[in-house]
Every structure is written in C-alpha cells, then in structure tokens.
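Read off the chains here:
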Amino acid sequence: MTYKDVKRKVLVLIEEAKKNEPHLTEDPDLEAKLPDVINQVQYELARFKKIPKYVEIDVTAGELMDFTAIERACGYEIYQISMVAGVKYIPKANGTVLKFVEDGTAEIDVFVYPERITSNTKDTHEFELSTDALEIMPYGIAADLLKSDESAEYGSIYAARYREMLQMLDPRYQMTSIYIEGGVNI
C-alpha cells in the first residue's frame, strides 16, 4: 500500500476526502498533520507486527557492536536484535551491544522500524508493514487526528475500533505446524 493510498483511506474514513483536489483534502491543517500522525501510528504498529530484516557483517574478535553499527549495515533504525549466528558472541548492555569472541561473519536477524514518514515523503512510497497491519492503520490515524474534536466524539469511536483491531492483530508472519505420523505413545 502506498502513502497516497493510506492518506486517501484516512480522509475517506473521516469524510474529508475531495475527489478532484491535488492534495486529497481542502483542509490545510489536516494535510499538515498527516505525515507526523501516520509516522507515529506506523511505528506503533511496527512494535506489534515487527518488521524483520537480515544482515551479514564481518566482525573481528573483541569487537563491540551496538545498534548504531548494525543500523548502518542494514540501513534501518533497529527496534530489537532477535538472533545472531555464524560467530560466537556475548550480549552486553541488555542485548543492545554484542561482543564478538571470534573473527567471522555475523548473521544478524533484527526487527526494524519502518522508513520515517515526513512532509517530504513521496505519495508513491510503499509501506513495509504487513497488509493486516496496514488495514488497521487508518483507524489509529483517524483517532489521533480527531481526538480533539469534542463535538462529535469521532476520535474516541475510531480509537476504540483501532484498539479492538490491534488486539486481534497476529504478531506472527507464519505459523509452524507439526505432523506426527503413526500416533504417539505416552
């Protein structure tokens, strides 16, 4: 889903979309708020439905590597390191620093934040969140945009719907299954 698709979904949801407007809405205040609110909600969703990335980094014995070094190697802002393989290491600083005890190639699986949305983000930008997370996102955005609109309570209605949908979001990308042929004796 593109940035423009998300903006359009939100604006249709809150009844602010205009078909023939080059900026999708006539409300300049709303348009100015969209990038920051979209970014905040996508970051929140990325903590629920994590975005996995893989990176290989050549390391030397005794080297200390923190999130910043791994971020430079993979090009993303890291949320969490999920696994390191390929070389022996010792986690330090609550897992945010790795001390390598041998030379080699570290195979690092991380969870990352998505690319930031700013006022300079192109409408063609593709979100990295999964489809199920993207379908929830407009409700969170609508809730934040309308939270100060006391006259209609739409902000609280969208917030309740967003929380409900968030609780049903499956954080997994795949489900493992086991097939046992011939039964099991216990």
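Above this note sits the structure.
None of these values were measured; they are calculated from a predicted model.

Caption draft 1: View of helix H2 (residues 28–48). In this model, H2 (21 residues) spans 31 Å end to end at C-alpha, consistent with the 30 Å of a helix rising 1.5 Å per residue. At leucine 34, H2 shows its maximal bend, which comes to roughly 35°, and the proline proline 35 appears one to four places after that position. The opening residue of H2 is aspartate 27, an N-cap whose side-chain oxygen sits 3.0 Å from the backbone nitrogen of aspartate 29.

Caption draft 2: Spatial organisation of the sheet that holds strand S5 (residues 97–100). Taken together, 3 strands build an open sheet; the order of strands is S2-S5-S4 and the sheet is antiparallel. Unpaired on one side and paired on the other, strand S2 (64–66) and strand S4 (89–92) mark the two borders of the sheet. Direction aside, the axes of adjacent strands within the sheet are offset by 25° on average. Across 4 bridges, the pairing between S4 and S5 is antiparallel. Following the sheet pairing, tyrosine 89 is matched in S5 by phenylalanine 100.

Caption draft 3: Region of the structure containing the packing of helix H4 (residues 131–146) against helix H5 (residues 154–168). Contact geometry of H4 with H5 gives a least axis separation of 8 Å together with a crossing angle of 150°. Accordingly, the angle class assigned to the pair H4 and H5 is roughly antiparallel. You can see that H4 and H5 cross each other, and the crossing is left-handed. Residues Glu135, Ile136, Tyr139, Gly140, Ala142, Ala143 and Leu146 of H4 touch H5, and the partners they reach there are Tyr154, Gly155, Tyr158, Ala159, Arg161, Tyr162, Met165 and Leu166. Partitioning the contact of H4 with H5 into residue classes produces 11 nonpolar, 2 polar and 2 charged.

Thresholds applied
Residues numbered from 1 in each chain as written. Predicted model: local features only at pLDDT ≥ 70, side-chain atom pairs only at ≥ 80, totals over all residues. Heavy atoms only, no water. Helix = DSSP H or I, 4+ residues; strand = E, 2+ residues; numbered from the N terminus. Expected span 1.5 Å × (residues − 1). Bend = angle between axes of the 7 residues up to and from the residue. Polar contact = N/O pair within 3.5 Å; in protein donor to acceptor, adjacent residues only side chain to side chain. Pairing = 2+ DSSP bridges. Axes fitted to C-alpha atoms, helices over the stretch in contact; angles between N-to-C directions. Parallel < 35°, antiparallel > 145°, perpendicular 65-115°, else oblique. Left-handed = near helix turned anticlockwise from the far one by under 90°. Contact = heavy atoms within 4.5 Å. Nonpolar A, V, L, I, M, F, W, Y, C, P; charged D, E, K, R; others polar.

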